[in-house]
Amino acid sequence: MTRRGRILAWTGGALGIVLLGTAGVGAWVYQHLDGNIHGADIQVDGARPVNLSPGSKNILVVGSDSRAGANAKYGKGLTTMQSDTLMVVHIAANRKWATALSFPRDSWVQIPACTRGNDTKSSPHHFKINEAFSIGGDSGDIRKAAACTIKTVEKNTGLRIDHFTSVDFQGFKGMVNALGGIEVCPEHAIHDKKAHLDMDAGCQTVRDEKALGYVRTRYSVGDGSDLGRIGRQQEFMKALAAKAQSKLTSPGELYDFLDSATKSITTDKDLAGLKPLYDLASTVKDIPTDRLTFLTVPNYYREADVPTDKANVVWQYPQAGQLFSDLAHDREIGAAGKKKLAEAAKNPVTARSVQVRVLNGTGISGRAASAAEQLRKLGFTVVGTGNAPAADKTTVSYPAALKTQSEVLASRLPGIKATESAGAAPGAVTLTIGPDFPAEMP
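The structure contained in this document is the topic of the report that follows. (Residues numbered from 1 in each chain as written. Predicted model: local features only at pLDDT ≥ 70, side-chain atom pairs only at ≥ 80, totals over all residues. Heavy atoms only, no water.)

1. Considerations on the overall build of the chain
Thought 1: When you go through the chain residue by residue, the secondary structure sums to 14 helices and 20 strands.
Thought 2: Counting all 442 residues of the chain, 54% fall into the buried class.
Thought 3: Sequence-distant contacts in the chain: of pairs separated by 6 or more residues, those separated by 24 or more amount to 71%.
Thought 4: When the accessible surface of the chain is split by element, carbon and sulfur atoms take 52% of a total near 18,800 Å². (Helix = DSSP H or I, 4+ residues; strand = E, 2+ residues; numbered from the N terminus. Buried < 20%, exposed > 50% of the residue type's maximum accessible area, 1.4 Å probe, protein only. Contact = heavy atoms within 4.5 Å. Areas by Shrake-Rupley, 256 points an atom, 1.4 Å probe, with all protein chains shown as cover.)

2. Some points on the side chain of Thr-267
Thought 1: In this structure, Thr-267 sits in strand 12 (residues 265-268).
Thought 2: Within the local environment of Thr-267, its side chain forms a polar contact with the backbone nitrogen of Ala-272, the two atoms lying 3.0 Å apart.
Thought 3: Those residues within four positions of Thr-267 in sequence are excluded, and the remaining contacts are His-38, Gly-39, Ala-40, Phe-164, Thr-165 and Ala-272. (Polar contact = N/O pair within 3.5 Å; in protein donor to acceptor, adjacent residues only side chain to side chain.)

3. Some points on the state of the cysteines
Thought 1: Under the defined criterion, the tally for this structure stands at 2 disulfides.
Thought 2: Taking only the cysteines that form disulfides and numbering them from first to last, the chain has the pattern 1-2, 3-4. (Disulfide = S-S within 2.5 Å.)

4. A short note on unusual backbone geometry
Thought 1: Cis geometry marks the peptide bond from Tyr-317 to Pro-318; its omega dihedral reads 10 degrees.
Thought 2: Structurally, Pro-318 can be placed in the loop between strand 15 (313-315) and helix 11 (319-328).
Thought 3: For Asp-119, which is not a glycine, the phi torsion comes out positive at approximately 75 degrees.
Thought 4: Inspection of the secondary structure assignment puts Asp-119 in the loop between strand 5 (108-111) and strand 6 (125-128).

5. So, the pattern of salt bridges
Thought 1: For the structure shown, the criterion picks out 19 salt bridges.
Thought 2: The partner of Asp-45 in a salt bridge is Lys-151, and the shortest N-O contact between them spans 2.8 Å. With Asp-45 in the loop between strand 1 (38-40) and strand 2 (57-64) and Lys-151 in helix 5 (residues 142-157), the pair connects residues that are 106 residues apart, well separated along the chain.
Thought 3: Taking the relative accessible area as the measure of exposure, Asp-45 reaches 29% and is therefore partly exposed.
Thought 4: Its salt-bridge partner being Glu-373, residue Arg-376 comes within 4.0 Å of it at the nearest N-O pair. With Arg-376 and Glu-373 both in helix 13 (residues 367-377), this residue pair falls 3 residues apart, about one helical turn. (Salt bridge = Lys/Arg side-chain N within 4 Å of Asp/Glu carboxyl O.)

6. Thoughts on the environment of Lys-417
Thought 1: As for its position among the elements, Lys-417 is in the loop between helix 14 (403-410) and strand 19 (418-420).
Thought 2: A relative accessible area of 72% places Lys-417 in the exposed class.
Thought 3: C-alpha separation for the pair Lys-417 and Glu-407, spaced 10 residues apart in sequence, amounts to 7.7 Å.

7. Details of the packing of helix 6 (residues 169-178) against helix 9 (residues 251-264)
To characterise two packed helices, one gives the angle between the axes of the helices and the distance between these axes.
Thought 1: Direction vectors running N to C along helix 6 and helix 9 enclose 170 degrees, while the axes themselves pass 8 Å from each other. Here helix 9 runs roughly antiparallel to helix 6, going by the angle between their axes. Contact residues: helix 6 offers Gly-171, Phe-172, Gly-174, Met-175 and Ala-178, while helix 9 offers Glu-253, Asp-256, Phe-257, Ser-260, Ala-261 and Ser-264.
Thought 2: Residue composition of the contact of helix 6 with helix 9, by class: 5 nonpolar, 4 polar and 2 charged. (Axes fitted to C-alpha atoms, helices over the stretch in contact; angles between N-to-C directions. Parallel < 35°, antiparallel > 145°, perpendicular 65-115°, else oblique. Nonpolar A, V, L, I, M, F, W, Y, C, P; charged D, E, K, R; others polar.)

8. Some thoughts on the environment of Ala-424
Thought 1: One can find Ala-424 in the loop between strand 19 and strand 20 (429-433).
Thought 2: Judged by relative accessible area, which is 12%, Ala-424 ranks as buried.
Thought 3: Spatially, the C-alpha atom of Ala-424 lies 5.4 Å from that of Pro-399, the residues being 25 residues apart in sequence.
Thought 4: Setting aside residues no more than four positions away along its own chain, Ala-424 makes contact with Ser-397, Tyr-398 and Pro-399.

9. Structural notes on the sheet that holds strand 18 (residues 395-398)
Thought 1: Pairing within the open sheet is mixed, and its 5 strands lie in the order 17-16-20-18-19. The two strands at the open ends of the sheet, each matched to only one other strand, are strand 17 (381-387) and strand 19. Between one strand and the next, the sheet's axes are offset by a mean angle of 25 degrees, whatever the strand orientation.
Thought 2: Both strand 16 (residues 355-360) and strand 17 contribute to a ladder of 6 bridges, which runs parallel. (Pairing = 2+ DSSP bridges.)

10. Some details on the sheet that holds strand 1
Thought 1: On the basis of which strands lie adjacent, the open sheet formed by 7 strands has the order 1-12-7-2-3-4-13 and mixed pairing. Each edge of the sheet is formed by a strand with only one pairing partner; in this case those strands are strand 1 and strand 13 (292-296). Across this sheet, the average inter-strand angle for adjacent strands is 20 degrees, counted without regard to direction.
Thought 2: Inspection of the sheet shows strand 2 paired to strand 7 (residues 163-168) by 6 bridges, in the parallel sense. Looking across to strand 7, one finds that Ile-59 is bridged to His-163.
Thought 3: Its contacts with the sheet place helix 11 against strand 3 (83-91), strand 4 (98-102) and strand 13, and it is angled at close to 145 degrees to strand 4.

11. Quick notes on the environment of Ile-333
Thought 1: You can see Ile-333 is positioned in the loop between helix 11 and helix 12 (334-345).
Thought 2: The spacing of Ile-333 and Thr-293 is 40 residues in sequence and 7.7 Å in space, taken between C-alpha atoms.
Thought 3: With residues up to four places along the chain from it excluded, the contact list for Ile-333 reads Thr-99, Leu-295, Leu-323, Asp-326, Leu-327 and Lys-338.

Geometric descriptors of this kind do not, in isolation, establish any biological role.
Below is the structure:
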């Protein structure tokens, strides 16, 4: 239950659906709970990644921080929908392993053009990844909020998203209350005005606003980053899942839990309903515990690349790119891969440490200068620009000593592999612009 419960609980109450299947409840209860689940017709426009592993499933899970109705107290002046938690759950085609990949909401990424509530298009730009949910949901339309979030995750990872599910704040609180609260054991007292939380140190049972505050708090705990909050959320969901499992012999409490769980979730139309959720949860239920992997996208503080930015993180390349590729091709990361990521995180190769020479191979004036400007915005150090013979496609070349640095750059260019070249300029990675160079780098 420890790892399995975290995945099932965060996939929109799917744990509850598994419990329902074993509890032997009546048909009228089934119909009521089935009717609670909201299905959204989500339309993602534009080009999308190719599905490289048919049979596997990528489920985008959002913790919805909507400020409408009862949630209004959690933010002043916020008229758009908010996302507080974001992860992709990858279920392997052979159903023998799964990976839950969390995205820090402060991840600085490319936000593509998205359809707003009034059907106008936003402009592509870079910002925190959770802004995508707000752009699409600026009028409270979960369909457009989901579509923009899916589009953003696909753009920055290359993963094809198959399903979407969101869990709302108030529904989450109802799930906790139905179980009589959840025990947490903070090592230090927490006083966080933004999360509406005042807690003493030590083990205690939380419910209502305290439960919400505990999974939301960030600024008053540790270094104030979103990374610590992700860990607390995972541990809380582990405890919630375990307690829900213990309520199988208490029909009343179990029903209240399932009623809150199903009311709190919205899914894409293909996943809406007890049966598709039960079928999905059943595939996870049978996966061995030691083959359920929990990861956070490798990252480091963006301040290392852009000294004025003290609020965001950037993904660590080439590790992030390799991780996305592994999941896209349905390759298991496992314990060894997780250990390798942890080791690399100790000494990340920052974009700022990569010196790049940009050459224009398109024959179109100004392309090297515009590419250089993009690279500088991402934190790379551009040491010079120039022209090159006509190039059919964009290439990255490097001297032998700069292999890792070249991989950091190449990982930002989908489909481009860095090539060692004896003729490459020493001390720098060479980027030769071809006609396929993207208008904006992710």
